[in-house]
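Below are the chains, spelled out letter by letter.
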Amino acid sequence: MAERFGGKYSPQSPSPAAGGPALPPVLAPVLPRGLWRATVLFLSAFLFLIPAFGDDPRAMLLGLAAGGCLILSAWLTREGLRAEAAYASRTLARRPALPRKLLGALLTGAALALGGVIADQGLVYPVLYALVGTALHLGAFGLDPMSDKGMEGIDAFQTGRVANAVAEGEAYLKGMQDAILRARDRSLERRVDQFAAAARSLFRTVEADPGDLTAARKYLSIYLMGARDATVKFADHYAQTRDASARSDYESLLTDLETTFAQKTTAFLSNNRTDLDVEIAVLRDRLKLDH
């Protein structure tokens, strides 16, 4: 019987640095739900595009417009699902600035209305098609998040700075994950994912308490930018040479970065607990004075 490989040196079983804090587990990427339905919506555009290439210029123009509306609707819907998944994964998040799924629903309705016009069904039926198509799209994909999450009592300017810093950090992590693909080594890809998990734990901590941003800024920018640049150079070098020494140095760098990020996250959480204890003590003293 086949047995799953595992052990000390298995890429599925990373261990923390000796004497260091426990590193966060590799987090499964947040996958948007319903992407297959967006793909079906994209494919349905060909129901208008293929018949459009006929003899009637009017039908061709309307068919291309309807097919284009469905393609744009599918793209907006897919992006809306991704934005919703990112929103759901965070404890503190702003609503998407652009309601992509709602716009996708309106474009789906517009495409079906154009289909009714192509079929010369008057005015009433195209309007009904538009309403039904919009309603079905909303039923299949839902609405975009329409309100901020976890923003009550938090300074809007400060949370905006945090959102920008986290977006910058996410861009560096994405650059690392894209670059390491060139090394063509699945264990290294998992290793980068492990580091990304530690970095995102720090992101979530800073989002929960924006006051930590000043102390964490270099971790979200300078350190991650250096990690991305090192990953780009390593991946190009390793893809050509399979240099074991360079690989060992790169993995040691990731371990050091993981440990540093995990330590900083733990320190922020400890500081937040201390601030909470102080606030509770002050309130208790005030209650005693009132009595």
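The model shown is predicted, which means the values in this text are computed figures rather than measured ones.

Draft legend 1. Highlighting the overall build of the protein. Across its full length, the protein carries nine helices and zero strands. Across the 291 residues in the protein, those meeting the buried criterion constitute 36%. Within the protein, residue pairs in contact and separated by at least 24 positions form 78% of the contacts whose partners lie at least 6 positions apart. Summing over all exposed atoms, the protein offers an accessible surface of approximately 17000 Å²; the carbon and sulfur share of this is 62%.

Draft legend 2. Fine view of the packing of aromatic side chains. One pass over the full model with this rule turns up seven aromatic pairs. When the centroid spacing of 5.7 Å and the interplanar angle of 85° are considered together, the rings of Tyr219 and Phe261 count as edge-to-face. Residue Tyr219 is found in helix H8 (residues 213-241), and its partner Phe261 is found in helix H9 (residues 244-290); the two are separated by 42 residues along the sequence. Residue Phe261 is classed as buried on the basis of its relative accessible area, which comes to 0%. Ring plane angle 5° and centroid distance 4.3 Å describe the contact between Phe234 and Tyr250, whose orientation is recorded as stacked. Here the residue Phe234 occupies a position in helix H8, and Tyr250 occupies one in helix H9, the gap between them amounting to 16 residues. Residue classification places Tyr250 among the buried residues on the basis of a relative accessible area of 4%.

Draft legend 3. Quick peek at the confidence of the model for the protein. Averaged over all residues, the pLDDT of the protein is 80; the fraction at 70 or higher stands at 77%. A low-confidence stretch, residues 1-29 (pLDDT under 50), is modelled with 33 contacts involving residues beyond four sequence positions or located in other chains. With pLDDT under 50 throughout, residues 272-276 is counted as low confidence; its partners more than four residues away or in other chains account for three contacts.

Draft legend 4. The pattern of salt bridges, seen in detail. Under the criterion given, the structure shown has 12 salt bridges. Glu251 is paired through a salt bridge with Arg247; the nearest N and O atoms lie 3.6 Å apart. Of this pair, Glu251 and Arg247 both sit in helix H9, four residues apart, which is roughly one turn of that helix. Overlapping salt bridges bring together Asp185, Arg247 and Glu251 as one network.

Draft legend 5. Examining the environment of Ala230 more closely. Here Ala230 lies in helix H8. The exposure class of Ala230 is partly exposed, given its relative accessible area of 25%. In the structure, Ala230 is positioned 51 residues away from Ala179 in sequence and 9.8 Å away in space, judged by C-alpha atoms.

Draft legend 6. Up close: the packing of helix H7 (residues 186-208) against H8. Look at H7 against H8: their axes get within 11 Å of each other, and the N-to-C directions meet at 170°. Classified by the angle between their axes, H7 and H8 sit roughly antiparallel to one another. Contacts between H7 and H8 involve Leu188, Phe195, Ala199, Leu202, Phe203 and Val206 on the former and, on the latter, Leu213, Ala216, Tyr219, Leu220, Leu224, Ala227, Phe234 and Tyr238. Of the residues belonging to the contact of H7 with H8, the class tally is 14 nonpolar, no polar and no charged.

Draft legend 7. Region of the structure containing the side chain of Thr108. Relative to the elements of secondary structure, Thr108 occurs in helix H4 (residues 100-118). Residue class for Thr108 comes out buried when judged on its relative accessible area of 7%. Once residues lying within four places of it in the same chain are set aside, the contact partners of Thr108 are Leu41, Leu70, Ser73, Gly133 and His137.

Draft legend 8. Structural context of unusual backbone geometry. One non-glycine residue, Arg184, lies in positive phi territory at about 55°. The residue Arg184 is located in the loop between helix H6 (156-180) and H7 in this model. Even without a glycine there, the phi angle at Arg242 is positive, about 50°. Within the secondary structure, Arg242 sits in the loop between H8 and H9.

Draft legend 9. Local environment of the nonpolar core. Ranked by size, the top nonpolar core spans 32 residues in total, and within it Leu173, Met176, Phe195, Leu220, Leu224, Tyr250 and Phe261 carry the most contacts. Among the elements of the structure, H6, H7, H8 and H9 are those that each provide at least two residues to this core. Sequence-distant contacts of Phe261, defined by excluding residues within four places in its chain, comprise Phe195, Ala198, Ala199, Leu202, Tyr219, Tyr223 and Leu224. Core analysis: the second largest hydrophobic core is formed by 11 residues, Leu41, Ala45, Leu70 and Ala74 among them.

Draft legend 10. Region of interest: H4. An ideal rise of 1.5 Å per residue puts 27 Å on 19 residues; H4 measures up with 27 Å between its terminal C-alpha atoms. For H4, the complete set of buried residues consists of Lys101, Gly104, Ala105, Leu107, Thr108, Gly109, Ala111, Ala113, Gly115 and Gly116. Looking at the buried residues of H4, the elements they touch are helix H1 (35-44), helix H2 (46-52), helix H3 (57-89) and helix H5 (124-141). Downstream of H4 by one or two residues, Asp120 has phi in the positive range, about 55°.

Rules used in this analysis
Residues numbered from 1 in each chain as written. Predicted model: local features only at pLDDT ≥ 70, side-chain atom pairs only at ≥ 80, totals over all residues. Heavy atoms only, no water. Helix = DSSP H or I, 4+ residues; strand = E, 2+ residues; numbered from the N terminus. Buried < 20%, exposed > 50% of the residue type's maximum accessible area, 1.4 Å probe, protein only. Contact = heavy atoms within 4.5 Å. Areas by Shrake-Rupley, 256 points an atom, 1.4 Å probe, with all protein chains shown as cover. Phe/Tyr/Trp six-rings, centres within 6.5 Å; stacked < 30°, edge-to-face > 60°. pLDDT = per-residue confidence, 0-100. Salt bridge = Lys/Arg side-chain N within 4 Å of Asp/Glu carboxyl O. Axes fitted to C-alpha atoms, helices over the stretch in contact; angles between N-to-C directions. Parallel < 35°, antiparallel > 145°, perpendicular 65-115°, else oblique. Nonpolar A, V, L, I, M, F, W, Y, C, P; charged D, E, K, R; others polar. Core = buried A, V, L, I, M, F, W, Y, C linked by side-chain atoms within 4.5 Å. Expected span 1.5 Å × (residues − 1).

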